[in-house]
Every structure is written in structure tokens, then in C-alpha cells.
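# Summary of structural features
Take a look at the letters that make up each chain.
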Amino acid sequence: MDRIELELYLNNVLETARFKDYCPNGLQVEGRRKIEKIATGVTASLAFLEAAQEWGADAVLVHHGYFWRNEAPQITGRKYQRLKLLLANDISLFAYHLPLDDHPLYGNNAQLGAKLGLIADSRFGDNNIGWLSTSPMPMSLNHFSAQVEQTLGRTPLVLGDPDQELRRIAWCTGAAQGYFDAAIEAGADVYLTGEISEQIMHISAESGVAFIAAGHHATERYGVQSLGTHLSETFNLEHLFIDIHNPV
Ligand SMILES: [Zn+2]
């Protein structure tokens, strides 16, 4: 597939123009024009790039790319090593941040919800970033956190009474602990995200709303993976999702 066609397709599907983001969305580093093999991953770390290059990727597609707002502009050190690997091997880097959290089908929140069997009935927070589902049958926090653990293959950090009944489940992947108050205001009984901060414990205790930190990486594995699968089914592309272990 032609790189320019792929970029147009991705920008269109993910509606990149709609988002004000902390990084550029789309093609971040230009590589060869003809793309046959595309590797996807959560973060364009050096370990990920090395694995992608070994597999023979012509392009990589990630959720966490480069050139974040307020980042030092110099191309030195670790940044140099990463860019050198891409440029020396003529590999393109596509990165989609908020558009990939948000997408109703291939997004991180949509895919995590599907994995957990949750059907969203409303959204909350800035840009409607958070998702909310009302279960027809209440379930205990203990039961839900066990389901999260089994689905993600990682033990989550859980705050709340294990026996408390959940009806309204809110979630937002990644480092979205800052939306806990918005989830509470939206009527959630539990809020699931990737990361946690110290003050969350007190907010949870004082509001009575349970909190689950299931891992930033673990909760954001599914969006980019489903998008890669979609590309391989739609175009003549070979796709590989490369999961670089990250306990955070
Ligand atoms: Zn993230």
C-alpha cells in the first residue's frame, strides 16, 4: 500500500482534524513509500522499534508517539536513538493519541469496554473522553475486579468495599485518574482507568465510589491492535501487534 494513501485513510477514519492534542496525530516520521508490513504497539519505545525492524516492518502504528508538547526539541540521547532507528531503516511512524482513545469502534475505550462486556450508554468528561455503562444486573466490586484481572492478565489496584454493588461502571484508559471526579458526577459506582495518584484514595473513601487502576499499558493495548487488524483486513497489508511488557 502507498504510504500517502494509508495516511489519508487513517486521518479520515480517526477524524484527526477534530482533536486538539498534546502531540501531532498522523504520520510523525516519514519512511519508504511502499508499505507491505505494518507493526502496531502501545508506545514507540526503542525495544518496540527494534522488534518491529527485526520483523521487517515498513511502517509502525502506535498510540504513544513522539513530539509531545513541552518536550525538549533537541534530537539527542534517547530521542536520537529512536529516530535514528526509524530513519536508518526507512520505517514510517504513524501515531494517534486522543483520536485513538476516542474512536467509537477502534478506540481504546471502545475496545476495552468490548473486552469487559460493557455496553456504553453515555459519555462524560472533557471531550466526552470517559465512557459509562449501566449493567442490567448489579455485580459486586470483587466480581468485577476479578473479571478485569482475568481479561487484562494483570492484577489491578482496587479501592472500595469488595462487596459493594455496582450498577454504573465508568472507564477511561491510560493516565485518566484526573477524571475520577467527573465520573463521580456522572453517577458512577466504580471508575476504572490505567493509573492512580495518591489523592485518589481519599476521593474514593469520601465519595464511596470504587476505583480500579488496571494499568496504563494494559488498558491501552486493544485500540491500536484492532486498528491494525482492520487495516490488514481492508488492504493488502501484513499486520503484527508487538506487546512490549510494561507493568505500569
Ligand atoms: Zn496513554
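Quick notes on the rules
- Throughout this document, residue positions are counted from 1 along each chain, in the order its sequence is written.
- Local features in this predicted model are restricted to residues of pLDDT 70 or higher, and side-chain atom pairs are both shown and tallied only at a pLDDT of 80 or more, whereas totals for entire chains, interfaces and linings draw on every residue.
- With hydrogens and water excluded, all non-hydrogen atoms of the structure serve as input to the side-chain values.
- Donor atoms (N, O, S) are those found within 2.8 Å of the metal centre, with the cutoff raised to 3.2 Å for Na, K and Ca; water is not part of the atom list, so apparent gaps in a site can occur.
- To qualify as a helix, a DSSP run of H or I must reach at least 4 residues; to qualify as a strand, a run of E must reach at least 2; elements of each kind are numbered from the N terminus.
- Relative accessibility decides the category of a residue: with a 1.4 Å probe and only protein chains considered, values under 20% of the type maximum give buried, values over 50% give exposed, and everything between is partly exposed.
- By nonpolar core we mean a set of buried residues, namely Ala, Val, Leu, Ile, Met, Phe, Trp, Tyr and Cys, connected to one another through side-chain atoms within 4.5 Å.
- The convention used is that axes are lines fitted to C-alpha atoms, helices contributing only their stretch in contact, and that angles between N-to-C directions extend from 0 to 180 degrees.
- Orientation is classified from the angle alone, with under 35 degrees giving roughly parallel, over 145 giving roughly antiparallel, 65 to 115 giving roughly perpendicular, and any other angle giving oblique.
- Crossing handedness is read from the near helix: turned anticlockwise from the far helix by less than a right angle, it gives a left-handed crossing, and turned clockwise, a right-handed one.
- We call two residues contacting when some pair of their heavy atoms lies within 4.5 Å.
- Lys, Arg, Asp and Glu make up the charged group, whereas Ala, Val, Leu, Ile, Met, Phe, Trp, Tyr, Cys and Pro make up the nonpolar group; the residues left over, Gly among them, are polar.

Moving on to the coordination of the zinc ion. Looking at the zinc ion, the protein donor atoms are His 64 (NE2), His 216 (NE2) and Glu 220 (OE), and they sit 2.1 Å from it. Donor residues for the zinc ion sit on one chain with the sequence pattern H-x151-H-x3-E. Taken as a pair, His 64 in strand 3 (residues 59–64) and Glu 220 in the loop between helix 9 (216–219) and helix 10 (222–234) lie far apart in primary sequence, 156 residues in all. Each member of the pair His 64 and Glu 220 is classed as buried.

Nonpolar side chains tend to gather and get buried jointly when the protein is soluble and globular. By size, the foremost hydrophobic cluster in this structure holds 20 residues, and its most contacted members are Phe 144, Val 190 and Leu 192. Mapped by element, the contributors of at least two residues to this core are helix 5 (108–115), strand 6 (130–140), helix 6 (141–152), strand 8 (165–171), strand 9 (190–193) and strand 10 (210–213). Top element by residues in this core is helix 6. It accounts for four residues.

Where helix 2 (residues 46–55) meets helix 3 (residues 77–88), the closest approach of the two axes is 10 Å, and the angle between their N-to-C directions is 15 degrees. Judged by the angle between their axes, helix 2 and helix 3 are roughly parallel. Our pair here, helix 2 against helix 3, has a crossing hand that is left-handed. Where helix 2 approaches helix 3, its residues Leu 46, Leu 49, Glu 50 and Gln 53 are matched on the opposing element by Gln 81, Arg 82, Leu 85 and Leu 86. In the contact of helix 2 with helix 3, the residues fall into four nonpolar, two polar and two charged.

Mapped onto the elements, Ile 129 comes out in the loop between strand 5 (122–124) and strand 6. Placed 27 residues apart in sequence, Ile 129 and Asp 102 show a C-alpha to C-alpha distance of 6.4 Å. In this structure Ile 129 touches Leu 98, Asp 101, Asn 109, Phe 124, Cys 172 and Tyr 179, once residues within four positions along its chain are discounted.

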